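In case you want the letters, here they are:
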Amino acid sequence: MTLHLSGRLHLRAHLNALIRAYFAERAVLEVETPILSAAGNTEPNIQSFSTTFSGHVDAGSRERWLRTSPEHPLKRLLATGVGDCYELGRVFRNGEAGGRHNPEFTMLEWYRVGWDHHQLMEETIGLVEASLAMVGRRAEVLVEGYRQLFIDELGIDPMHAPIEELRATLHEYNIEPAGLTRDDWLDLIITHKLQPAFPRDRITVIHDYPASQCALAKVRPGDPPMAERFELYLGRYELANGYHELNDATEQRRRFERDNDVRRGRGQHTIPIDERLLEVLDAMPDCAGVALGIERLLMCLVGTDAIADVLTFPFSSA
């Protein structure tokens, strides 16, 4: 379905209103946080925009980073005791422009104090179901563990299969193996083999990932240890990424530094670590958080593969 400009604007406005009503009913506070900050996102696979402040040096660091998500300031708010909160706003990622990506887009991110990732999965499913109902659609729901999904669909145990077996699963794609890690092959199996087969009218939630893919999540001890995180898909589109959030500043610093080590190894610029977040992270309460891409959700609601179909003015004509 292709929408004219007026239709795009009205659909987005209705979705924004639905989101705000959804969280108002649940007493989750809407907040606003800075778009520019002195620290950036160290994640090696995400590139940030930066700019230079020309004012008085007393204002702090001249180099400022446009946020790739509102995560860090939201966590700083949680550490002050603000409680359940969300932000619906613009974020920026450099180098991401094309049919399904726009360098400027809208992200919904929210946190629930005292929850784990399983509780937040259910609330995220509920929001997506409500969004579908807004356009007269319904979807079945499949919730499955990462390990079990690989076993059921491909007969592979992702925790123990040798890397040669992972590579063999993708033999028809002739992927150049140089520099690819075990986690890279697992990601490629999801994007090339599993994700494309997800039915259009199904919400698929994958949870409990290998510990090596912990990102910002807590790791649950066990054999094997598991990262307490989830990803939600509608059809073959990834919409949301959530975590039982890490609140250990020492471990978080180690992960930031590891990210920058990877960046150096790739010849990328290192990113300033968010010291203000680390100062308060130990005080952040146990919580779960999730980020959801609004344009991706709109694309699914409209039934389009082109992000330009749900933007007012795409990057090429902004």
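Every value quoted in this text rests on a predicted model; they were computed, and no experiment measured them.

Some remarks on helix α9 (residues 294-302)
Extensive coverage of α9 is indicated by the burial of eight of its nine residues. Just beyond α9, the residue with positive phi is G303, at close to 80°.

Some details on the sheet that holds strand β2 (residues 36-37)
Across the sheet, which stays open at both edges, the three strands sit in the order β2-β4-β3 with antiparallel pairing between neighbours. Looking at strand neighbours, the two that pair on one side only are β2 and β3 (50-52), the edges of this open sheet. Bridge analysis of β2 against strand β4 (residues 63-66) gives two bridges, and the strand direction is antiparallel. Its bridge partner being in β4, L36 is matched across the sheet by L66.

Here's the deal with the nonpolar core
Membership of the largest hydrophobic core comes to 40 residues, with the highest contact counts inside it found for F23, L108, W110, I203 and L234. Look past the residues within four positions of L234 in its chain and what remains in contact with it is V128, L132, A139, R200, R202, I203, L239, L297 and C300.

A few points about the pattern of salt bridges
Considering all chains together, one arrives at 24 salt bridges under this definition. For E30, the salt bridge identified is with R20, shortest N-O distance 2.9 Å. Of the two residues, E30 is situated in strand β1 (residues 29-30) and R20 in helix α1 (residues 5-25); the sequence distance between them amounts to 10 residues. The salt bridge involving R255 is made with E251; its shortest N-O contact spans 2.8 Å.

Things to note about the environment of R147
Following the sequence through the fold, R147 ends up in helix α4 (residues 146-154). As a C-alpha pair, R147 and T42 span 105 residues in sequence and 27 Å in three-dimensional space. Sequence-distant contacts of R147, defined by excluding residues within four places in its chain, comprise I156, D157, P158, M159, H160 and P224. Of the polar contacts made by the side chain of R147, one reaches the side chain of D157; its length is 2.8 Å.

A look at the packing of α4 against helix α6 (residues 182-194)
Relative orientation and spacing of two packed helices are given, respectively, by the angle between their axes and the distance between those axes. Put simply, α4 and α6 touch, their axes get as near as 12 Å, and they point 50° apart. Comparing their axes, α6 and α4 come out oblique. By crossing handedness, the relation of α4 to α6 is classed as left-handed. Facing Y146, L149, F150, E153 and L154 of α4, the residues of α6 in contact are L186, I189, I190 and L194. A per-class count over the contact of α4 with α6 returns eight nonpolar, no polar and one charged.

Parameters and conventions
- Residues numbered from 1 in each chain as written.
- Predicted model: local features only at pLDDT ≥ 70, side-chain atom pairs only at ≥ 80, totals over all residues.
- Heavy atoms only, no water.
- Buried < 20%, exposed > 50% of the residue type's maximum accessible area, 1.4 Å probe, protein only.
- Helix = DSSP H or I, 4+ residues; strand = E, 2+ residues; numbered from the N terminus.
- Pairing = 2+ DSSP bridges.
- Core = buried A, V, L, I, M, F, W, Y, C linked by side-chain atoms within 4.5 Å.
- Contact = heavy atoms within 4.5 Å.
- Salt bridge = Lys/Arg side-chain N within 4 Å of Asp/Glu carboxyl O.
- Polar contact = N/O pair within 3.5 Å; in protein donor to acceptor, adjacent residues only side chain to side chain.
- Axes fitted to C-alpha atoms, helices over the stretch in contact; angles between N-to-C directions.
- Parallel < 35°, antiparallel > 145°, perpendicular 65-115°, else oblique.
- Left-handed = near helix turned anticlockwise from the far one by under 90°.
- Nonpolar A, V, L, I, M, F, W, Y, C, P; charged D, E, K, R; others polar.

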